[in-house]
Amino acid sequence: NARGSSFSFSVAACMGDVAALLCALRSEDSQSRGLAEQELARVRGNPELLPLLFLAIDGGGPNAQLAAVLLSWEVPRTFQLLPAEDRVALQSRVLKSLEASDRAVVRSVADAANSLAQAIAANEDRLWVELLHTLAQLVASGQDLQREMGFYTASLLVESLGPRLGGTWPALVESVAAAVRTEQSCAIRTAALSVLEKLTEVEGQPAPDLTEACEAVIASLEMQGAGAAGVSAAAELAALRAMAESESSPLKAQLAARALNVAFVALSSTSECRRQALQVLPAIARCHGGSGETCKRLLTMLESAPRDHADLPDVVEAARQVAEYSCCEEMWQPFLQCLQAAGGPDVHRCAVGWQGVATLATSCVSKLDSAVTAVQGALQQTWQHQDFHASAAALSALEAIACVDGPFEVVVPVCQGLSTLQSPELLEPALLVIRQFMENATTDQAAGVLAEVVPPLLLLLTGPLDAQCHALETLTQVMQASCELYMDHSSQTAERLLPLISSPAPVGPAALEATGSLLRGVADVSVMPALWQSTGATAIAGLTSPECSRRKASLNCLTSLASVLPAAELPVAAVVAAANSALQTDDGSLAGVRKRYSVVGVFTGDMEERLAALRAASLFVAVCDDASLRTVFGMCNAVCTQVQHAHCTVRVQACRALEQFARNLGRADAATAQGCSGNLNVAVCALLNDPEARVVEEAVYAGEELVARAVASPGVVAALKAAQQGSAPCGELAGGD
């Protein structure tokens, strides 16, 4: 046995045993292969294995490739175990094996050489100079395989050693440029271009100057012209994109203009070349810092790109990136013109326009009002095309417009198009657009589109489960936005909702919340009395449901009804019990571990129920009669504990609830007021010291209520003064003393 190890075959008889082991590892018989893998695991890490693997590589045949793979595994883990003279011999053997005649073998040896170069750099703080010399000889060799493997190995080294190779950049770039100019072999050109791509990813200094290689790539593509095709042309375009995206991009002035031209020509080539060209175009826009003229030219190219429907997602993404890197003021009108000229079957142009509008909407809010007619007309055209990608881009643009409180009129075609959408995947984003607009709409704006939006939403309530859920959520938003103006549609809506409120989750809870919003707008128990009775009974029963979603929906529904029902008819005790239970439930939000400037917490179903409980507390304490006030104040302490919650949204809602409790302290009996005021002060003071500005903004109102009723502690007074002056306290007063 070698050097006292568990090596199971003697060095004298090693070669036959290694050959047998390699054959067994390649066996199709799982039992033989399993035994061989166990044997390999026993001998791995033994330096004596390395020379045997080299012998197997030299022997060629089926075992050579596997031996080379094992060599690439073993070199990094055993190199440092060898004596100095053996390490030198190992390096020589690796260099010699790079000249083997089997491509698969040489690739594995190259992996081993790269690992060995990393080990030498890490442990001896030097470059493996002999390897660099060997690579220089290989890339200049007269044999195709050696040149290809020379570039392949160089790409591995550039990726793993990066700036350590800085002194070799000029020679390496020159070799790559020469290969791009003169090599006829696609494999060699692709390997050389791989080196170029790796060079663009090098971080730190010195950064390689890629100008010579960039010129060579562009010249090669120019020479191929419209005939550019195949793996090599695609690789050249990929390298061009990588150079455009690199921090030290060589694409300046004239080179950038030439790159644009070759990318445009490549759009007429094979699908892979087109895909790469569509990535080159926005990359050039990026490296030019959003030059308006460059972006306009790019947009023209995208508009006139050859029409292959399979490329449409890449066209849309390219348009998005062009818009992202462009000068908004200069690019808004060209993108809008794409929409205005979007008639007919030109879905490419339409998708480009929509994606540009979506990306620029935030920065061009002032231009949205003047674009209403164009956007409405283009959306109607898009619906008629029934093209998924163009429609998705349109909805993305409309959502962006809604988020910046854009002109409400553009939502009308979305409502009109709901019934004609052919793709289920488009329904959710279409309804999301409607909800976004309704969230920012005035009551009159919302009421103005009811005739367009309500019928298709009610029709969706008879559709698939997902469609029902999305429609109910949207319908709730519509009713909340339009308030009492929804009355004209209340009867037909009630007819659809009543059979659904007792349905299993998720439809039943969503229908219950929608019904609460409907009745809140009706505000008259004498109208649709059966619906009032059924809804109230279902909601009260749902407060004790084992399903979190139904408990949450019941709380939200009863909160809606509480704003219009007589105080004496409110189910106060049931709501207080359910709210206290929700506020004391562990929702997995990591309460108590919130860092001062790092808010953690995941929005869960239990947290939705917690928010519903806080909303119920806010409203019930405001609308309940004096006889029920003591019961409602039974939620106060549970609300106060929410100041430690990890999620900012919960703390904001807690502020609003605490404001209502503070405002109604004067209505409570002396014992209740005295028992709650201390906890209120502690909670409000903590919220005034919160690291989140929007929490502090809401906490100010609660603090002002405590001060107005002369029950504020010195801590609250100081924290409130600091918050109002815009200087956050340091947290020492969080106790409220």
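Rules used in this analysis
Residues numbered from 1 in each chain as written. Predicted model: local features only at pLDDT ≥ 70, side-chain atom pairs only at ≥ 80, totals over all residues. Heavy atoms only, no water. Helix = DSSP H or I, 4+ residues; strand = E, 2+ residues; numbered from the N terminus. Contact = heavy atoms within 4.5 Å. Areas by Shrake-Rupley, 256 points an atom, 1.4 Å probe, with all protein chains shown as cover. 1 Å grid on protein atoms, 1.4 Å probe; cavity = no way out; pocket = protein on both sides within 12 Å on 5 of 7 lines; lining within 4 Å. Points joined across faces, edges and corners; volume = space filled by probe spheres on them. Nonpolar A, V, L, I, M, F, W, Y, C, P; charged D, E, K, R; others polar. Polar contact = N/O pair within 3.5 Å; in protein donor to acceptor, adjacent residues only side chain to side chain. Buried < 20%, exposed > 50% of the residue type's maximum accessible area, 1.4 Å probe, protein only. Expected span 1.5 Å × (residues − 1). Axes fitted to C-alpha atoms, helices over the stretch in contact; angles between N-to-C directions. Parallel < 35°, antiparallel > 145°, perpendicular 65-115°, else oblique. Left-handed = near helix turned anticlockwise from the far one by under 90°. Salt bridge = Lys/Arg side-chain N within 4 Å of Asp/Glu carboxyl O. Phe/Tyr/Trp six-rings, centres within 6.5 Å; stacked < 30°, edge-to-face > 60°. Lys NZ or Arg CZ within 6 Å of the ring centre and 35° of its normal. pLDDT = per-residue confidence, 0-100. Disulfide = S-S within 2.5 Å.

Per the secondary structure count, the chain includes 37 helices and 0 strands. A fraction of 73% describes how many contacts in the chain between residues 6 or more apart in sequence connect residues 24 or more apart. Entry remark: accessible area of the chain is about 30,700 Å², with carbon and sulfur atoms responsible for 51%.

Glancing now at the layout of surface pockets. Using a probe with the size of a water molecule, rolled over the atoms, empty space left in the structure can be pinpointed. By volume, the largest pocket amounts to about 1,100 Å³. As for the largest pocket, its lining consists of 34 residues, of which Thr 476, Gln 480, Glu 513, Asn 556 and Arg 615 are closest to the centre. Of the residues assigned to the lining of the largest pocket, the class counts are 11 nonpolar, 14 polar and 9 charged. When its volume is computed, the second largest pocket comes out at roughly 330 Å³.

Right, let's get into the side chain of Asn 664. When you line up the elements, Asn 664 lands in the loop between α34 (648–663) and α35 (670–688). A polar side-chain atom of Asn 664 sits 2.9 Å from a polar atom in the side chain of Arg 667. Residues contacting Asn 664, with those up to four places away along its chain left out, are Val 621, Ala 622, Leu 629 and Phe 633.

Backbone torsion omega between Ala 505 and Pro 506 reads 5°, so that peptide bond is classified as cis. The backbone phi angle of Cys 483 is positive, close to 50°, even though this residue is not glycine. For Cys 483, the position within the fold is in the loop between α25 (465–482) and α26 (490–497). Judged by its relative accessible area of 29%, Cys 483 is partly exposed. A positive phi angle, near 60°, is found at Ala 710, a position not held by glycine.

Tracing the sequence through the fold places Thr 134 in helix α7 (residues 129–139). For Thr 134, a relative accessible area of 9% translates into the label buried. Sequence spacing of Thr 134 and Gly 150 is 16 residues, and the spatial spacing of their C-alpha atoms is 8.3 Å. Setting aside residues up to four positions removed in sequence, Thr 134 forms contacts with Leu 95 and Leu 98. One polar contact links the side chain of Thr 134 to the main-chain carbonyl oxygen of Glu 130, over a distance of 2.9 Å.

Here we come to helix α36 (residues 693–708). The end-to-end C-alpha distance of α36 is 23 Å, a good match for the 22 Å that 16 residues give at a rise of 1.5 Å each. The inward-facing, buried residues of α36 contact α34, α35 and α37 (714–724). Of the residues flanking the end of α36, it is Ala 710, one or two places downstream, whose phi is positive at about 60°.

Moving on: the packing of α35 against α37. Relative orientation of the contacting elements α35 and α37 amounts to 25°, with a least axis distance of 9 Å. For the element pair α35 / α37, the angle class is roughly parallel. Where α35 crosses over α37, the handedness of that crossing is left-handed. Contact with α35, carried on its side by Asn 681, Val 684, Cys 685 and Leu 688, involves Gly 715, Val 716, Ala 719, Leu 720 and Ala 723 of α37 and no other residues of that element. Grouping the amino acids of the contact of α35 with α37 by side-chain chemistry returns 7 nonpolar, 2 polar and no charged.

This brings us to the side chain of Glu 183. On the secondary structure map, Glu 183 appears in the loop between α9 (169–182) and α10 (186–200). Given the relative accessible area of 13%, Glu 183 is considered buried. Polar contacts involving the side chain of Glu 183 include one to the side chain of Arg 147, which spans 2.6 Å. Setting aside anything within four residues of it in sequence, one finds Glu 183 in contact with Arg 147, Ala 178, Ile 188 and Arg 189.

Two side chains that carry opposite charge are able to pair once their charged atoms sit near each other. Under the defined criterion, the tally for this structure stands at 22 salt bridges. Taking the shortest distance from any N to any O, the salt bridge between Arg 667 and Asp 626 comes out at 3.0 Å. With Arg 667 in the loop between α34 and α35 and Asp 626 in helix α32 (residues 626–632), this pair connects stretches of sequence that are 41 residues apart. Judged by relative accessible area, which is 31%, Arg 667 ranks as partly exposed. A relative accessible area of 57% places Asp 626 in the exposed class. As a salt-bridge pair, Glu 659 and Arg 663 come within 2.7 Å of each other at their nearest N and O atoms. On the criterion of helical spacing, the pair formed by Glu 659 and Arg 663 is a turn pair, its members being 4 residues apart in helix α34.

Of the positions making up helix α24 (residues 450–460), those classed as buried are Leu 450, Val 453, Val 454, Pro 456, Leu 457, Leu 458 and Leu 460. For α24, the secondary structure elements touched by its buried residues are α21 (412–417), α22 (424–440), α23 (443–448), α25 and α26.

Right, let's get into the packing of aromatic side chains. Going through the model one piece at a time under the given rule, you end up with 1 aromatic pair. For the ring pair Phe 633 and Phe 661, a centre distance of 5.2 Å and an interplane angle of 75° mean the geometry is edge-to-face. In this pair, Phe 633 sits in the loop between α32 and α33 (636–640) while Phe 661 sits in helix α34, placing the two residues 28 residues apart along the sequence. Given a relative accessible area of 4%, Phe 633 falls into the buried group. The class for Phe 661 is buried, based on a relative accessible area of 0%. Over the ring of Phe 79 we find Arg 87, and its NZ or CZ is 5.8 Å from the ring centre.

This part takes up the confidence of the model for the chain. For the chain, mean pLDDT is 82; residues scoring 70 or higher make up 88% of the total. This stretch, residues 728–737, has a pLDDT under 50; its non-local contacts, to residues over four places away or in other chains, come to 22 contacts.

For the rest of this paragraph, the subject is the environment of Cys 469. Summarising the element assignment, Cys 469 is placed in helix α25. Cys 469 sits 36 residues away from Ala 505 along the chain, and the two C-alpha atoms are 9.6 Å apart. The contact partners of Cys 469, leaving out residues within four places of it in the chain, are Pro 506 and Val 507.

Before going further, it helps to spend a moment on the packing of α34 against α35. Orientation of α34 relative to α35, taken along the N-to-C sense of each, is 140°, at an axis distance of 11 Å. On the basis of the axis angle, α34 is oblique to α35. Every pair of crossing elements has a handedness; the one defined by α34 and α35 is left-handed. Facing α34, whose interface residues are Arg 651, Cys 655, Leu 658, Phe 661 and Ala 662, α35 presents Leu 680, Ala 683, Val 684 and Leu 687.

Here we come to the environment of Gly 536. For Gly 536, the location among the structural elements is in helix α28 (residues 529–542). According to the relative accessible area criterion, Gly 536 is buried, its value standing at 15%.

The next point concerns the state of the cysteines. A complete count under the given rule lists 0 disulfides for this structure. The closest cysteine sulfur to the non-disulfide-bonded Cys 640 is located on Cys 636, 4.2 Å from its own sulfur.

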